[in-house]
Amino acid sequence: MSKINFLKPDKSNLNTFLYLGLFLFFFSILDVFLNSFFSLNLTSFLPGFLSFVFPLLLGFVGLYFIRIELSGIKQLDIFNKNINTNNFNAILSLVIIFVIIKSTPPLLSWFVIDASFAGDTKDVCTGSGACWTYIKVWIRRFMYGMYPNAEQWRINLSFIALAALGCVGYFATNRFKKYLTLYYVVIYPIIAFIFIYFFISGGAFGLDWVETGAWGGLSLTFIISFFCLIFCFPIGMAFALGRRSEFPLIRYISIGFIEFWRGVPLITVLFMSAVMFPMFLPQDFFIDKLVRAIIAISLFEAAYVAEVIRGGLQALPRGQYEASKSLGMGYWKMHIFVILPQALKLVIPGIANTFLALVKDTPLIFVVGLLEIVGMLNLAKTNPKWLGFAMEGYVFAAIIFWIICYAMSKYSYNLEQKYKTDR
Amino acid sequence: MNFKLKDIVPQLITVLAVVIIFGFFTYNAQVNMDSRGIDFGYGFLSQESSFDVQFSLIEYDGSHSYFRAYLVGLLNTILVSVIGIILATILGVIVGVSRLSPNYLINKFAAFYVEFFRNIPLLLQIFFWYFAALRALPLPQDAEPIFGISFLTIKGLFVPAFIWENFNIFFYSVVAAIISIIVIRIHAKKVQESHGKQMPVLLISIGLILILPLLSFLIGGVKLSFEVPVLKQLATTSFIYEGGVSLPPELIALTLSLSLYTATFIAECVRAGIQGVGKGQKEAAASIGLTPNQVLKLVIMPQALRIIIPPTTNQYLNLTKNSSLAAAIAYPDLVLVFAGTALMQTGKAIEIVSITMLTYLSLSVSISILMNWYNKKIAIQEK
Amino acid sequence: MFKHTKKLFAFLAALSLLFVYACEPGGNQGSKGKSKTLKQTQKKGFVRCGVSQGLPGFSNADAAGNWTGVDVDVCRAVAAAVLGDASKVKYTPLSAKERFTALTSGEIDILSRNTTWTLSRDADIGLTFVGVNFYDGQGFMVRKNSGMTSVNDFKNGISACTNIGTTTELNMRDFFNSRGISYEPVAFEKADEVVAAYDSGRCDTYTTDKSGLAAQRTKMSNPDDHIVLPETISKEPLGPVVRQGDSVWEDIVRWSLNVMIEAEEYGVNSSNADSMTSSENPAIKRLVGAEGELGAAFGLDNEWSLRIIKQVGNYGESYKRNIADTGILPDRGPNQLWTKGGILYVPPAR
């Protein structure tokens, strides 16, 4: 055994340094673990501040010993390369590990251990944890808004039907593939509209009429997102083409439209739709609140979609345009068959981003007086029987939104990978 | 005659459609306003507003005009935006760089942060911070002092106020330091381009910005003292802190949520920028003998900045527009004060909403123009 | 030629704009004849009523969705008069911000939302106040353990929660300014948020109309912990509002309310209304429509007032049912008939 120099770990005394370092490292983690999970302070004999820093020091020394380059042990090398490249990284890694360990017990206890799940009234929630009973009792309101309980099957049925119809494209055989675009752009929206108008809104065929002011909750979020997406896409496409048009008047009008809607915040647009819009319509003509909100959000998002599509159009090489023209295609033929398919494939992430932003912007419709899930939360948290549970409500809504948005972003990433055609 | 019918007709139709739509709206508005007896005019801006605002950077109370109320709202919006932009940039750069770190833990931690805060709506985050988190803060009498001089309570964050003597001398010294830094940078660039030598600009800048204001303290007669907030009892259970500067919890909640949210987007922009610089650049720079620091400063950063800055500026714009969500909590920004209270008191919906939208529009357009100018300046000249 | 084309377009655009401004449109309806709003209401089959987002005693919905309150009763009275059935009303909960625009835009036809009648609201924004159904005043609420017993105990730096865009905000300012007290106004849009802010300790006092204070106290976590200070700092006459320009509809709403008050004055209530048709007193007979052709003036039949009294009750019954019996404000205060010491004095229905 050659001389051991504790300040310079090297390969010759590999085992010593390895065992010593690992022991110190795991001991420091154990110390923090016991401290946070079981409130056991192994180093209580040290004064306060030192006891706090002690595990950090131990772990740092341990990692320092382990930091042996090219030790020959594969796992050790991977470990070192990822976490232990130099002193600074070692300290950061330790801090992150400790933070994770320290924050787990309070989170766990709030979410699960001390939380109340059973029961129907506020008295059940005596623990210091979350009161999931509150969510359980209000779940129907959060999902459906003020829609009457007895009629909620209509919303469920509509959504299932629309989801099923939306997946038709996946199962279409080759014979029907060419009708897919027509289906999605024209027929599907019409069917959706019929469902909404006759089924969810009711008023005919023996179904009770439920006014749009009573719609709310997550179902309203979906309805608004769906319709705004359907409307903003063609409008955005039109303005993107208009902005790249050769006709100066059309170009300037498109630029004006796009820059106007992109320059103002969505909340002022919704204010405008709630407050000013009725002034601009003839006296007897009354447009429903929900329709006004959908129109406002669609126009707003259309400007962003227009910019995204314009980016795609710009990215296409001029050769495409020239080749189509040389084949004798007119403006519309060229765009429908050659340009737009390629451009749209390019901008899938951009459009997915815009749609994500749309879903995240739906809570703003509280301005118009409609209550989707965040609005219902705010309503529920001030109910006299359930005061003081704001945190549970917000966490619940955050989880739901997070799942939806994360799933969508992953899906759009997959879509992008799938449609990546080499140009 | 060199105009073709097929060129004119689409434009004619479009213009006619636009004119008809606008004319229709204007006509209806006219009819509606007449029948209700509402008149249209911007004269109300000089009327007395009669309402107070909770937080204002300039002198304002109800005896001032609506126009001044508009300025108060505008300044509050700008305040939130500036603080938010600074915090979001710092946080965004840190997280963005961490995303590229080879350290597995740091990398994943930063990724978690980005995915977490990006997928939750901003309004929900604002509500969470304001209604859930900040409402759980202690009452003023129960608050623990931070560093003995600041207090974080349910009524806000109370920090000591700076009391300056001869503030203008300090101000001039700071301005002088900044001007000299700019001059030295320009000079350093010239030296580098002509001789290839590099001046330690960063050290000189830090030195200047520290020494000149310090001098103003020592020989300029500038004095700085602090006014620490003191607990004052208003009633048996009601206390407030007097003295010092009070930051309302509305401002804190808004700035916090805006920064955390926008930082995720800026982090992604920074990451895309640094990754967008070809690997070959780094290798080529190393092969001609530049130190890692020099590689970063002279080769990577300029190219990365070209990719980073446009989308980041877009995010700054988004942050400014998102600050209008202050209307949901009681922070008196432009939308709440002007398009909220003033609109409700005067009923002049069209005028007020149009002014508000125009304000935001001009802000966006001016930043867009600046961005276009910057883009043209640094654009790579393609052959 | 392109140059000329641009000019041509500009000229066309200017011409169309000129055309628009040249047309001076006329009023809402003819000088005489049925009111447009009345026609629409009868065609739709329900009265569109704008109410609060939940103020016990004035307009509040229970778990099943049934609305009750004195403001609700005004709309029910109009429905009884115009459609024959007091239940044919559609209630739209509105915040303080959207209440006036909902009315001017045509989303609702009556705003019965404990709205204060002020000059600027009457004259400036295209609305007409048609009466007062509750005389009130602004007050302050504080916590019992704060030790404050009167507004004279307010000190500099006090924080006060209230609603945005209400007379409360303006009166609060006048009050504190006149006493030279510096205060921090914390104003929210929704009444529920104001109450929550006050309840959590964010504000030291909560100010709104005293009836609102009494009503909102029932929604707090510990109602007994709060007291309403005795002083009243302003006049707040609360009443229903309609759009300007439809004078017949205005009259219908105004006189529906007046009938309720006058019925109490003559002792006519929901139980004895039918028997009152054969009363000796000609004033009572006119009130219940047994005599005279009062309904025709509005375009209604003669039983309009009788239906109101039978289906909704007189003012006293409405007050008792909604405000006194629920414990919100058992004492009627100024909201008592002029013959009994209050200030409810309405023009006679003849």
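Since the structure is predicted, the reported quantities are computational estimates derived from the model, not experimental observations.

The next subject is the state of the cysteines. Two cysteines form a disulfide when their sulfur atoms are joined by a covalent bond. Residue and element names in this part refer to chain C. Within the structure shown, the criterion is met by two disulfides over all chains. Between cysteine 49 and cysteine 75 runs a disulfide, and the two sulfur atoms are separated by 1.8 Å. Here the S-S torsion is close to 65°, and the disulfide linking cysteine 49 with cysteine 75 is therefore right-handed. Pair noted here: cysteine 49 is in strand E1 (residues 47-51) and cysteine 75 is in helix H3 (residues 70-83), with a separation of 26 residues, a long-range link. Neither cysteine 49 nor cysteine 75 differs from the other in exposure class; each is buried. Disulfide pairing places cysteine 161 opposite cysteine 203 at an S-S distance of 1.8 Å. Here the S-S torsion is close to 55°, and the disulfide linking cysteine 161 with cysteine 203 is therefore right-handed.

On to the environment of glycine 217 of chain A. All names here are of chain A. Tracing the backbone through its elements, the reader meets glycine 217 in helix H9 (residues 217-243). On the accessibility criterion, glycine 217 (0% relative accessible area) is buried. Along the primary structure glycine 217 and valine 168 are separated by 49 residues, whereas in three dimensions their C-alpha atoms are 27 Å apart. Residues in contact with glycine 217, not counting those within four places in the same chain, are Arg141, Phe142, Met143, Tyr144, Gly145, Leu371, Glu372, Ile373 and Met376.

Once that is clear, we can look at the interface of chain B and chain A. Contacts between chain B and chain A engage 51 residues on the former and 49 residues on the latter. Buried area between chain B and chain A, summed over both chains or domains, comes out near 4700 Å², and the portion from carbon and sulfur atoms is 75%. Applying the counting rule to chain B against chain A returns zero salt bridges. Contributing elements (two or more residues each) for the side of chain B that touches chain A: helix H1 (5-36), helix H3 (104-118), helix H4 (122-133), helix H7 (249-276), helix H10 (334-346) and helix H11 (349-378) of chain B. At 15 residues, the largest contribution of residues to the side of chain B that touches chain A is made by H1 of chain B. Residues of the side of chain B that touches chain A, tallied by class, amount to 35 nonpolar, ten polar and six charged.

To continue, consider the interface of chain B and chain C. When the parts come together, some accessible area is lost, and that loss is often what is quoted as the size of the interface. Every contact between the two is made by 52 residues of chain B and, on the other side, 50 residues of chain C. Summing both sides of the interface, chain B and chain C together bury roughly 4500 Å²; the carbon and sulfur share of this comes to 59%. Counting across the interface, chain B meets chain C through four salt bridges. With a closest N to O distance of 2.6 Å, aspartate 204 of chain C and lysine 155 of chain B form a salt bridge. Elements with a contribution of two residues or more to the side of chain B that touches chain C: H1, H4, strand E6 (230-233), H7 and H10 of chain B. When the residues that make up the side of chain B that touches chain C are grouped by side-chain class, the tally is 23 nonpolar, 21 polar and eight charged.

Residue and element names in this part refer to chain A. Under the definition given, this model contains 58 aromatic pairs over all chains. Taking 6.0 Å as the distance between ring centres and 35° as the angle between the ring planes, the aromatic pair formed by phenylalanine 142 and phenylalanine 396 counts as tilted. With a gap of 254 residues between them, phenylalanine 142 in helix H5 (residues 132-144) and phenylalanine 396 in helix H17 (residues 390-418) connect regions that are remote in the sequence. Like phenylalanine 396, phenylalanine 142 is buried. Its guanidinium or amino end placed over the ring of tyrosine 304, arginine 262 lies 5.9 Å from that ring's centre, counting from NZ or CZ.

All names here are of chain A. Relative to the helices and strands, serine 273 is located in helix H11 (residues 266-276). Linking serine 273 and leucine 92, residues 181 residues apart in sequence, is a C-alpha distance of 50 Å. Not counting chain neighbours up to four residues away, the residues in contact with serine 273 comprise Pro278, Arg292 and Ala296.

On to the domain arrangement of chain A, then. Segmentation of chain A into domains returns domain 1 (11-113) and domain 2 (132-147 + 210-418). Each of domain 1 of chain A and domain 2 of chain A has a C-alpha centre, and these two points are 47 Å apart.

Its location among the elements puts threonine 320 of chain B in helix H9 (residues 292-322). With sequence-adjacent residues up to four places away left out, threonine 320 of chain B is seen in contact with Ser81, Tyr360 and Leu363 of chain B.

Moving on, we get to the sheet that holds strand E1 (residues 145-146) of chain B. Residues and elements named next belong to chain B. Taken together, the four strands give an open sheet; going across it, the order is E1-E2-E3-E8, and neighbouring strands pair in antiparallel fashion. The sheet is open, and its two edges are formed by E1 and strand E8 (245-247), each paired on a single side. As defined by bridge partners, E1 adjoins strand E2 (residues 150-153) across two bridges and the pair is classed as antiparallel. Within E2, the position partnered with proline 145 by the bridge is phenylalanine 151.

Criteria and cut-off values
Residues numbered from 1 in each chain as written. Chains lettered and ligands numbered in written order. Predicted model: local features only at pLDDT ≥ 70, side-chain atom pairs only at ≥ 80, totals over all residues. Heavy atoms only, no water. Disulfide = S-S within 2.5 Å. Helix = DSSP H or I, 4+ residues; strand = E, 2+ residues; numbered from the N terminus. Buried < 20%, exposed > 50% of the residue type's maximum accessible area, 1.4 Å probe, protein only. Contact = heavy atoms within 4.5 Å. Buried area = accessible area lost by both parts, 1.4 Å probe. Salt bridge = Lys/Arg side-chain N within 4 Å of Asp/Glu carboxyl O. Nonpolar A, V, L, I, M, F, W, Y, C, P; charged D, E, K, R; others polar. Phe/Tyr/Trp six-rings, centres within 6.5 Å; stacked < 30°, edge-to-face > 60°. Lys NZ or Arg CZ within 6 Å of the ring centre and 35° of its normal. Domains from an automatic or database assignment. Pairing = 2+ DSSP bridges.

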